[in-house]
Each structure stands twice: as C-alpha cells, then as structure tokens.
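# Tertiary structure, described
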Amino acid sequence: MIVIFFATFGAVFIAEIVGDKLLYTTSVLAARYRTLPIMLGMALAFTAKMGVAVLVGSAIAKLPRSLVATITAVSFLTVAFVLWRKSDRPRESRDKHRAHKAAMVSFAAIFFSEWGDVGQITAATLAAKYHVPLVVWAGAVTAMITKGLLAAFLGAGIRRWIQDRVSPTIVRYVAVTLLLVLGLLSVTEILLSTQS
C-alpha cells in the first residue's frame, strides 16, 4: 500500500507541476491574501477534486475539452472580478471576514477549474489499475497539496516583499491582469477546441 501511495504521489506531482495554471493561480492568490486561508481552501478543493477523480475514474478523461476550458475560463474571470471589486483600504469589518473570504476564493478558483486535467486523469488511472482508491486518493491529494503549498509559500514570500515596495492598488491590478490572462488563455483553448 505504501508503494502505491508514493507511486501515486510521484506520478500526480510530476504530472501537475509542469505548466499547470493552478500553480500560478495559487501564487497570485497567496500574493493577495494570507497563506493559511489560501492553503485551507486549496486543500479542500484538491481533496474534493481527487475524490471525484478516483470515484468517477476514466469518465473524467472523456469530458469535452471545451466544457473543461469553459469552466476554467469562468472560474478565472470570476476570481479576477472578485479581486477587482476588493477595496485596497483597510476596514475593521473586512479584517473579520478576510480569512473566510480568502479560503472561499481559493476553493472556488481551484475547485471550479481544470476538471479532467492530467493530475485527475493520472489519479483515475492509478485507482483503476491498483483497485485501492483510498490509497490512490490519499497519494493524489498529498501531491496536489504539496504543489499548492509550494505555490502558496512562493506567493507569500512575494507578498511580503511587495508589501514593503508596492502599493496595494498596483498589486490588485497585477493580480487581476494575471487572472484575466489565464482566463483568456482558457477562452482561446475553447475556441481552438471547437475548431478541431
């Protein structure tokens, strides 16, 4: 069982780490919000997504690319809108709910994007091959959380450096711009997949 856990961890981690949009999304969110709520939302989203991958298996791989790209685009554009509307001025009431909102934004950005991606397909394939879905799920979730933690800590380090040097308004503009670019890349993917 331990071999299957580590095989799943390695396969999913390697599959996910290269060129993954959520790696950049997590970094952007961590540059805007505190790390702990981002990690909580991210962990819950990865737990649910990998649970679906293991349970549904190969059906995830058969999702239409245009559907996956549409959901991903809507997710990125929604998070960009939420960050755009966020005030740069501190308020007492904002601080009370900031962690909760950051966790919700993180969960939504991750859960509602990139269904049927290489990490889910890898987990689904391994679950079908080894017939131990709980072990595969644990390995896959651990790999995804590890990837997310790396991105969140990178984003947190950037946030600390930026807070000393850049105004919050500029940080918000950059974060929104990056999320819009990711959303537009997803829209481009939709357009290209419908032409194929």
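Residues numbered from 1 in each chain as written. Predicted model: local features only at pLDDT ≥ 70, side-chain atom pairs only at ≥ 80, totals over all residues. Heavy atoms only, no water.

## So, the overall build of the protein chain
Formally: Each helix corresponds to a stretch of at least 4 residues labelled H or I by DSSP, and each strand to a stretch of at least 2 residues labelled E; elements are numbered beginning at the N terminus. The buried label goes to any residue with under 20% of its type's maximum accessible area, the exposed label to any with over 50%, and the partly exposed label to all in between, with areas taken from a 1.4 Å probe on protein chains only. We call two residues in contact whenever any of their non-hydrogen atoms come within 4.5 Å of each other. The Shrake-Rupley method, run with a 1.4 Å probe, gives the accessible areas here. Residue values count only the displayed protein chains as cover.
The helix and strand inventory of the protein chain stands at 8 helices and 0 strands. Written out in order from the N terminus, the α and β elements of the protein chain read α-α-α-α-α-α-α-α. Counting all 196 residues of the protein chain, 46% fall into the buried class. In the protein chain, 92% of the contacts between residues at least 6 apart in sequence involve partners at least 24 apart. Within the structure as shown, the protein chain displays about 10,300 Å² of accessible surface, and the carbon and sulfur contribution to it stands at 72%.

## Examining the packing of aromatic side chains
Basically, it comes down to this: Only Phe, Tyr and Trp rings take part, Trp by its six-membered ring, and two of them pair if their centres are within 6.5 Å. Stacked means planes under 30 degrees apart, edge-to-face means over 60, and tilted covers everything else.
Using the criterion set out here, one finds 3 aromatic pairs in the structure. With centroids separated by 5.1 Å and ring planes inclined at 85°, the aromatic side chains of Phe5 and Phe6 adopt a geometry described as edge-to-face. With a relative accessible area of 18%, Phe5 lands in the buried category. Summarising the aromatic geometry, the rings of Phe107 and Phe111 are spaced 5.1 Å apart at their centres and angled 10° between planes, so their arrangement reads as stacked. Taken as a pair, Phe107 and Phe111 lie in helix α5 (residues 92–111) at a separation of 4 residues, close to a single helical turn. Taking relative accessible area as the criterion, Phe111 reaches 18% and is therefore assigned buried. Three or more aromatic residues link up through ring pairs in this structure, and these residues are Phe107, Phe111 and Phe112.

## A word on helix α6 (residues 118–130)
Threshold: In this analysis, the expected span of each helix is defined as 1.5 Å times one less than the number of residues it contains.
Taking 1.5 Å per residue as the helical rise, α6 with its 13 residues ought to reach 18 Å, and the 18 Å between its terminal C-alpha atoms agrees with that figure. By the burial criterion, the buried members of α6 are Gly119, Gln120, Thr122, Ala123, Ala124, Leu126 and Ala127. Immediately beyond the C-terminal end of α6, within one or two residues, lies His131, with a positive phi of roughly 60°.

## Notes on helix α8 (residues 168–195)
Given 3.6 residues to a turn, an α-helix orients residues that are three or four positions apart in the same direction. With 28 residues, α8 extends 41 Å from end C-alpha to end C-alpha; this agrees with the ideal 40 Å at 1.5 Å per step. Taken as a whole, α8 has its buried residues at Val171, Arg172, Ala175, Val176, Leu179, Leu182, Gly183, Ser186 and Ile190.

## Here's the deal with the nonpolar core
Rule in force here: Here, nonpolar core refers to any group of buried Ala, Val, Leu, Ile, Met, Phe, Trp, Tyr and Cys residues whose side-chain atoms link them within 4.5 Å.
Judged by nonpolar contacts, the single largest core of 26 residues is most densely connected at Val12, Met50, Ala123 and Val136. At the level of secondary structure, the elements contributing two or more residues to this core comprise α1 (2–17), α3 (35–56), α5, α6 and α7 (133–163). With sequence-adjacent residues up to four places away left out, Met50 is seen in contact with Val12, Gly119, Gln120, Ala123, Trp137, Ala140, Val141 and Met144. Judged by nonpolar contacts, the second largest core, of 15 residues, contains Val28, Phe76, Val105 and Leu182.

## Section: a nonpolar patch on the surface
What counts here: Think of a patch as exposed residues, more than 30% relative accessible area, with no salt bridge, where like charges cluster within 9 Å and nonpolar side chains (Val, Leu, Ile, Met, Phe, Trp, Tyr) cluster within 5 Å. Whenever Lys or Arg places a side-chain nitrogen within 4 Å of a carboxyl oxygen from Asp or Glu, that contact is recorded as a salt bridge.
Together, Ile2, Val3 and Phe6 line one region of the surface with nonpolar side chains, adding up to about 350 Å² of accessible area. Locating Phe6 in the fold gives a position in helix α1.

## Focus: the packing of α3 against α6
In helix packing, the relevant descriptors are the interaxial angle and the interaxial distance, both defined with respect to the helix axes. Test applied: Axis definition: a line fitted to C-alpha atoms, limited for helices to the stretch in contact. Angles are taken between N-to-C directions and run from 0 to 180 degrees. Every angle not falling under 35 degrees, over 145, or within 65 to 115 is termed oblique; those three ranges are roughly parallel, roughly antiparallel and roughly perpendicular. Left-handed describes a crossing whose near helix is turned anticlockwise from the far helix by less than a right angle; the clockwise case is right-handed. Residues are grouped as follows: Ala, Val, Leu, Ile, Met, Phe, Trp, Tyr, Cys and Pro are nonpolar; Asp, Glu, Lys and Arg are charged; all remaining types, including Gly, are polar.
Relative orientation of the contacting elements α3 and α6 amounts to 45°, with a least axis distance of 8 Å. In terms of axis orientation, α3 runs oblique to α6. When you trace α3 past α6, the crossing you get is right-handed. Seen from α3, the contacting residues are Lys49, Met50, Ala53 and Val54; seen from α6, they are Gly119, Gln120, Ala123, Ala124 and Ala127. Among the residues making up the contact of α3 with α6, the classes are represented as 6 nonpolar, 2 polar and 1 charged.

## What about the confidence of the model for the protein chain?
Stated formally: What pLDDT reports is the predictor's confidence in each residue, on a scale of 0 through 100.
The pLDDT averaged across the protein chain works out to 78; a share of 82% of its residues lies at or above 70. For the protein chain, per-element mean pLDDT is lowest for helix α2 (residues 21–32), which scores 73, and highest for α3, which scores 89. Segment residues 92–96: pLDDT under 50, and 4 contacts once partners within four positions in sequence are set aside and those in other chains are kept.

## Some remarks on the environment of Ala30
Among the secondary structure elements, Ala30 is positioned in helix α2. Looking at Ala30, the relative accessible area reads 0%, which means it is buried. For the pair Ala30 and Ile158, spaced 128 residues apart in sequence, the C-alpha to C-alpha distance is 8.5 Å.

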